Amino acid sequence: VSLDRGISPAAGLFYIMLFADILAIPFINLDLVIDAVFDPEGLAMAIFYGLFLTVIPFYLYNWSMRHLEPTVTAAVSTMEVVAATLVGYFMFGEVLDLPNILGMLLVILSVIILNIKVSKDIEEKYGIDIENQSTDAVMSQIPLDDERKD
């Protein structure tokens, strides 16, 4: 929505972070935050997390919304939870219990089912065999004047 209104990704990220930071103030221990920021290791971690876990992913997501189909962007967005869980397990030693594993499997299964359904819908509605075609090739075969009535 913000891209459609001409709001730059940088401005969007700034206001999202500002709003989130303001909302977080009642729940933080300000003394610990100040100590962490003035500690060189804490400052390095804050910069790392801010840059690599917030700014870069945000820009990549915005890039994907401009350059990829909405279904691809939605599928990637849905899989972020699975990726975050796996990163937590492999990099930070988080424990994976049965609900975590079942949750990841349900997310993966839902993405697979939705992709199969979309493929079948395209094949039925337009008579296009999408099995060995790129997304661009499939999209070029769908009439532009076809409006969805959802």
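Below is a short write-up of the structure. Throughout, residues of each chain are indexed from 1 in the direction in which the sequence is written. Note on the predicted model: pLDDT of at least 70 is required for a residue's local features to be given, and 80 or more for side-chain atom pairs to be given and counted; whole-chain, interface and lining totals, by contrast, use all residues. To obtain the side-chain values, all non-hydrogen atoms of the structure were used and water was disregarded.

## What about the nonpolar core?
Within soluble globular proteins, side chains that are nonpolar generally end up buried alongside one another.
And then number 1: The criterion is simple. A nonpolar core is a set of buried Ala, Val, Leu, Ile, Met, Phe, Trp, Tyr and Cys residues joined through side-chain atoms within 4.5 Å. Working definition: with a 1.4 Å probe on protein chains only, accessible area under 20% of the residue-type maximum means buried, over 50% means exposed, and in between means partly exposed. Membership of the largest hydrophobic core is limited to five residues, which are I122, I128, I130, V138 and I142.
And then number 2: Only heavy atoms enter the contact rule, under which two residues are in contact if any of them lie within 4.5 Å. Discounting residues that sit within four places of it in the chain, I142 has contacts with Y126 and I128.

## Concerning the packing of helix α1 (residues 9-24) against helix α3 (residues 40-67)
And then number 1: Two elements in contact, α1 and α3, have axes whose closest approach is 10 Å; the angle formed by their N-to-C orientations is 130°. With respect to their mutual orientation, α1 and α3 come out oblique. The crossing of α1 and α3 is right-handed. Here P9, A10, G12, L13, I16 and M17 of α1 come into contact with α3, specifically with T54, V55, F58, Y59, N62 and R66.
And then number 2: Across the contact of α1 with α3, the residue classes break down as eight nonpolar, three polar and one charged. Working convention: axes come from line fits to C-alpha atoms, limited for helices to the stretch in contact. Angles between N-to-C directions cover 0 to 180 degrees. Every helix listed is a DSSP run of H or I at least four residues long, and every strand listed is a run of E at least two residues long, numbered separately from the N terminus. Should an angle lie under 35 degrees it is considered roughly parallel, over 145 roughly antiparallel, and from 65 to 115 roughly perpendicular; all remaining angles are considered oblique. By convention the crossing between two helices is left-handed if the near helix lies anticlockwise of the far one by an angle smaller than a right angle, and right-handed if it lies clockwise. Side-chain classes follow a simple rule in which Ala, Val, Leu, Ile, Met, Phe, Trp, Tyr, Cys and Pro form the nonpolar group, Asp, Glu, Lys and Arg form the charged group, and the remainder, Gly included, forms the polar group.

## A look at the packing of helix α4 (residues 70-92) against helix α5 (residues 98-126)
And then number 1: Look at α4 against α5: their axes get within 10 Å of each other, and the N-to-C directions meet at 155°. Between α4 and α5, the angle is such that the two are roughly antiparallel. In this structure, α4 meets α5 at a crossing whose hand is left-handed. Here A75, T78, M79, V82, T85 and L86 of α4 lie close against α5, whose contacting residues are M104, V107, I108 and V111.

## A word on the packing of aromatic side chains
And then number 1: Any two rings among Phe, Tyr and Trp, with Trp reduced to its six-membered ring, count as a pair given centres within 6.5 Å; such a pair is stacked if its planes are under 30 degrees apart, edge-to-face if over 60, and tilted if neither. Per the stated rule, a full pass over the model turns up five aromatic pairs.
And then number 2: Summarising the aromatic geometry, the rings of Y89 and F90 are spaced 4.9 Å apart at their centres and angled 75° between planes, so their arrangement reads as edge-to-face.
And then number 3: On the accessibility criterion, Y89 (38% relative accessible area) is partly exposed.
And then number 4: Look at F90 and you get exposed, because its relative accessible area is 63%.
And then number 5: Each member of the aromatic cluster is reached from another via a ring pair, and the members are F48, Y49 and F52.

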